[in-house]
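Structural overview for review
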Amino acid sequence: MAKYQDLADAIIKGDNIASKEITQKLLEQGINPVEVLNEGLIAGMDVVGKRFKANEMYIPEVLIAARAMHAAMDILKPLLAKSDIPSRGTILIGTVEGDLHDIGKNLVIMMLEGAGFTVIDLGIDVPTEKFVEEVKKNKAQVLGLSALLTTTMPVMKDVIEAVRADDEIKNTRIMVGGAPLTQDYADSIGADGYAPDASSAVDLAKELL
Ligand code: B1M
């Protein structure tokens, strides 16, 4: 019988074959995909983050762990994004310019899709003008910004100012997230909301719409 901890361990070890197999087994045991995501994948990546911070893991190991996580995500994603649910609204999301971190953003996307939102992913290192252009093009109701570096957090403020300065899209609701952020910081840059994790991001998106 597979356990959440087995999945978390496979992620930490960077074993992408085991991460897929254990995810599959957990689902076969009737476990809800959201629980597999939260208790296995996110729990494993949390440990990776802590060990990296403590210099107990290095960048190549972190990337291998991320690969194992993506392998498991490929199985969960179609289950979380139920196409038969009518869309709750369109959310455009991306990691701000200068920032290449996307593991957390991708989790947020999976959870939002699982909750019935249509999500357009602009990827990483997204220039401010691109956010503005894409919000207009896709008539997104919510714009989501992710940043993992203290050096890229201020870029969120630039994006928010650019959106607010454009009459056509100035009322777009903007949510922000990423490990170094706080509610106070989000308030200080004029964001409409801040979510500390993927589950809260879903609650926040529901509130904002
Ligand atoms: Co980077 N990195 N990294 N890194 N990396 C951090 C963020 C760091 C804290 C590690 C450390 O030193 N302790 C540190 C930042 C320090 C700082 O700014 N104060 C750091 C650094 C310094 C760097 C480099 C500069 C290292 C170097 O090259 N010297 C470099 C920068 C590259 C760049 O972006 N320009 C770099 C590179 C990398 C890798 C490429 C190796 C890799 C990224 C791979 C990838 O994303 N595809 C990486 C990783 C993996 C990390 C750590 C270990 C883990 C991040 C992660 O994925 N966490 C990280 C250490 C840590 O966080 N403890 C670290 C797991 C993920 C599930 O959590 O992303 O927080 P998180 O997402 C959460 C919430 O924050 C929230 O929900 C998510 C799910 O619950 N959330 C949102 C996120 N976005 C949201 C958006 C929302 C709402 C909620 O609404 C829109």
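For the structure, see preceding data.
Keep in mind the model is a prediction, meaning the values are calculated, not measured. Here the residue index of a chain counts from 1 through its sequence in written order. Residues qualify for local features only when their pLDDT is at least 70, as the model is predicted, and side-chain atom pairs are given and counted only at 80 or more; totals for whole chains, interfaces and linings, by contrast, use all residues. The side-chain values count all of the structure's non-hydrogen atoms but skip hydrogen atoms and water molecules.

Focus: the overall build of the protein chain
Helix and strand assignments come from DSSP, with helices taken as H or I runs of at least 4 residues and strands as E runs of at least 2, each series counted from the N terminus. Secondary structure assignment for the protein chain yields nine helices and five strands. Reading the secondary structure of the protein chain in the N-to-C direction produces α-α-α-α-β-α-β-α-β-α-β-α-β-α. C-alpha atoms define the radius of gyration in this analysis, and the globule rule sets the expected value at 2.2 Å times the number of residues to the power 0.38. Expected size for 209 residues packed as a compact globule is a radius of gyration near 17 Å; at 17 Å, the protein chain falls within 12% of this value. Oriented by its inertia axes, the alpha-carbon framework of the protein chain measures out at about 55 × 45 × 25 Å.

So, helix α1 (residues 4-13)
Only protein chains enter the accessibility calculation, which uses a 1.4 Å probe; a residue is then buried when its area is under 20% of its type maximum, exposed when over 50%, and partly exposed in between. Residues L7, A8, A10, I11 and I12 constitute the buried set of α1. Whether two residues are in contact is decided by their heavy atoms: any pair within 4.5 Å suffices. Where α1 is buried, its residues touch α2 (16-28), α3 (33-53) and α4 (59-80). Of the residues flanking the end of α1, it is G14, one or two places downstream, whose phi is positive at about 75°.

Here we look at the packing of α2 against α4
The angle between two axes is taken between their N-to-C directions and runs from 0 to 180 degrees, where each axis is a line fitted to C-alpha atoms and a helix contributes only its stretch in contact. Between α2 and α4, whose axes approach to 7 Å, the crossing angle comes to 30°. In terms of orientation, α2 and α4 fall into the roughly parallel class. Here α2 and α4 pass one another in a crossing that is right-handed. The segment α2 lies against α4, with N16, S19, K20, T23, Q24 and L27 engaging R67, A68, A71, A72, I75, L76 and L79. Looking at side-chain class alone, the contact of α2 with α4 contains seven nonpolar, four polar and two charged residues. What sets the label is the angle itself: under 35 degrees gives roughly parallel, over 145 gives roughly antiparallel, 65 to 115 gives roughly perpendicular, and the rest give oblique. Two helices that cross are described as forming a left-handed crossing if the nearer one is turned anticlockwise from the farther one by less than a right angle, and a right-handed crossing if clockwise. Each residue is assigned to one class: nonpolar for Ala, Val, Leu, Ile, Met, Phe, Trp, Tyr, Cys and Pro, charged for Asp, Glu, Lys and Arg, and polar for all the others, Gly among them.

As for the environment of T182
For T182, the position within the fold is in the loop between β4 (173-177) and α8 (183-188). Looking at T182, the relative accessible area reads 38%, which means it is partly exposed. Once the C-alpha coordinates of T182 and Y194 are considered, the two residues, 12 residues apart in sequence, prove to be 7.4 Å apart. Whenever a nitrogen or oxygen atom comes within 3.5 Å of another N or O atom, the pair is scored as a polar contact, on the condition that within protein one atom can donate a hydrogen and the other can accept it, and that pairs from neighbouring residues in sequence are kept only if both atoms are in side chains. Within the structure, the side chain of T182 is placed 3.0 Å from the backbone nitrogen of Y185, a separation counted as a polar contact.

A few points about the pattern of salt bridges
The working definition used for a salt bridge is a side-chain nitrogen of Lys or Arg within 4 Å of a carboxyl oxygen of Asp or Glu. Here the structure, examined in full by the defined rule, presents eight salt bridges. Notably, a salt bridge pairs D192 with R164, separated by 2.9 Å at the nearest N-O pair. Remark: R164 occurs in helix α7 (residues 153-164) and D192 occurs in the loop between α8 and β5 (193-194); sequence separation between them is 28 residues. Its relative accessible area of 28% is what places R164 among the partly exposed residues. What you see here is one network of salt bridges that share partners, running through K130, E134 and K137.

A short note on the coordination of the cobalt atom of the ligand
Donor atoms from the protein around the cobalt atom of the ligand number only one, H101 (NE2), found at 2.2 Å. Inspection of the secondary structure assignment puts H101 in the loop between β1 (90-95) and α5 (103-114). A 2.8 Å cut-off from the metal defines N, O and S donors, relaxed to 3.2 Å for Na, K and Ca; water is not in the atom list, so some sites may appear incomplete.

Quick notes on the site of the ligand
Note on definitions. A residue lies near a molecule or strand when any single heavy atom of the residue is within 4 Å of it. By nearness alone, 32 residues border the ligand, and L100, H101, D102, S146 and T150 come closest of all. Within the side chain of D102, one N or O atom sits 2.7 Å away from a nitrogen atom of the ligand. Interatomic distance of 3.2 Å between a backbone N/O atom of A179 and an oxygen atom of the ligand. Counting only elements with at least two residues in the shell around the ligand, the list comes to α3, α4, α5, β3 (142-146), β4 and α9 (198-208). No other element matches α5, which puts four residues into the shell around the ligand.

Some details on the packing of α1 against α3
Helix packing for two helices is described by the angle between their axes and how far apart those axes are. Packing of α1 against α3 brings their axes to within 8 Å, and their N-to-C directions diverge by 40°. Viewed along their axes, α1 and α3 adopt a mutual orientation that is oblique. Where α1 crosses over α3, the handedness of that crossing is right-handed. Contacts from Y4, L7, A8, I11 and I12 of α1 reach α3 at E35, V36, E39, G40, L41, A43, G44, M45, V47, V48 and R51. In terms of residue class, the contact of α1 with α3 is built from 11 nonpolar, two polar and three charged.

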